[in-house]
Amino acid sequence: PLVDDDIVLDDGRNLRYAEWGDPSGRPMFLFHGAPGSRVFVPNPAVTAEAGVRMVTVDRPGYGGSDPLPGRHILDWPRDVVALAEALGLDQFDVAAHSAGGPFALACGHELVDRVGHVVLISCVAPQEALHPDGFE
């Protein structure tokens, strides 16, 4: 990565992140699956060629980020805002792979004034939501 660092959140937790791609490109947060970490990133050269400043971040309890006991998915957007502000990002996109999907959707829902696009890549979803009448 171009950057591999952490910030300290208001509650004292460490939040670890990495940056890849074009430092002056369009900012996008990429949320990893489970298990996973901030080192999951598309090809950094292709990311740079696409003009993307990719910020990957360890969710609480993964990689270098401290756990948040009793956390809920809707706690995540606050952590993302804290990191965005530390990086000087007012507007950004979010993307997620696998189990990171609900966290990207939480950001899209809670941060409508900051998130431009939400991209989901092979993400998980509750099966009952997809098949409310069950499987045949």
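Look above for the structure.
Read on for a plain summary of the structure. (Residues numbered from 1 in each chain as written. Predicted model: local features only at pLDDT ≥ 70, side-chain atom pairs only at ≥ 80, totals over all residues. Heavy atoms only, no water.)

1. What about the nonpolar core?
Okay, so step 1: By size, the foremost hydrophobic cluster in this structure holds 23 residues, and its most contacted members are Phe-29, Phe-31, Trp-76, Leu-83, Phe-92, Val-94 and Cys-107.
Okay, so step 2: When residues in this core are grouped by element, the largest group, five residues, is from helix α2 (residues 76–86).
Okay, so step 3: Among residues more than four places away in sequence, those in contact with Leu-83 are Ile-7, Leu-15, Tyr-17, Phe-29, Val-55 and Val-57.
Okay, so step 4: Judged by nonpolar contacts, the second largest core, of eight residues, contains Met-28, Leu-30, Val-52 and Ala-95. (Core = buried A, V, L, I, M, F, W, Y, C linked by side-chain atoms within 4.5 Å. Buried < 20%, exposed > 50% of the residue type's maximum accessible area, 1.4 Å probe, protein only. Helix = DSSP H or I, 4+ residues; strand = E, 2+ residues; numbered from the N terminus. Contact = heavy atoms within 4.5 Å.)

2. A short note on a nonpolar patch on the surface
Okay, so step 1: Taken together, Leu-105, Val-118 and Leu-120 make up a surface patch of nonpolar side chains, about 240 Å² in accessible area.
Okay, so step 2: With respect to the helices and strands, Val-118 occurs in strand β6 (residues 115–121). (Patch = residues over 30% accessible without salt bridge, like charges linked within 9 Å, V, L, I, M, F, W, Y side chains within 5 Å. Areas by Shrake-Rupley, 256 points an atom, 1.4 Å probe, with all protein chains shown as cover. Salt bridge = Lys/Arg side-chain N within 4 Å of Asp/Glu carboxyl O.)

3. Some words on the pattern of salt bridges
Okay, so step 1: For the structure shown, the criterion picks out ten salt bridges.
Okay, so step 2: The closest approach of N and O atoms between Asp-6 and Arg-16, which form a salt bridge, is 3.9 Å. With Asp-6 in strand β1 (residues 3–8) and Arg-16 in strand β2 (residues 14–21), this pair connects stretches of sequence that are ten residues apart.
Okay, so step 3: Arg-13 is paired through a salt bridge with Asp-79; the nearest N and O atoms lie 2.8 Å apart. Here Arg-13 is found in the loop between β1 and β2, whereas its partner Asp-79 is found in helix α2, with 66 residues between them in sequence.
Okay, so step 4: Here Arg-13 falls in the buried class, since its relative accessible area comes to 8%.

4. Side note on the pairing of strand β3 (residues 26–31)
Okay, so step 1: Counting buried residues in β3 gives five out of six residues, a clear majority hidden from the surface.
Okay, so step 2: Pairing between β3 and strand β4 (residues 52–57): six bridges, direction parallel. Bridge assignment links Met-28 to a residue of β4, and that residue is Met-54.
Okay, so step 3: As defined by bridge partners, β3 adjoins strand β5 (residues 92–97) across four bridges and the pair is classed as parallel. Each bridged residue has a counterpart across the sheet, and for Phe-31 the counterpart in β5 is Ala-96. (Pairing = 2+ DSSP bridges.)

5. Digging into the environment of Asp-10
Okay, so step 1: Note that Asp-10 resides in the loop between β1 and β2.
Okay, so step 2: On the basis of relative accessibility, which here comes to 89%, the residue Asp-10 falls in the exposed class.
Okay, so step 3: Note: C-alpha distance between Asp-10 and Asp-79 (69 residues apart in sequence) is 9.4 Å.

6. A few points about the sheet that holds β5
Okay, so step 1: Sheet architecture is open: six strands sit in the order β1-β2-β4-β3-β5-β6, paired in mixed fashion. This sheet does not close on itself; its edge strands, each paired only once, are β1 and β6. Direction aside, the axes of adjacent strands within the sheet are offset by 25° on average.
Okay, so step 2: With five bridges joining them, β5 and β6 adopt parallel strand pairing. Paired with Val-94 across the two strands is Val-118, which belongs to β6.
Okay, so step 3: Each of β1, β2, β3, β4 and β5 is contacted by α2, which is oriented at about 145° to β3, the strand it contacts most.
Okay, so step 4: Set on the sheet, helix α3 (residues 101–110) makes contact with β3, β5 and β6; between it and β6 the angle comes to about 165°. (Axes fitted to C-alpha atoms, helices over the stretch in contact; angles between N-to-C directions.)

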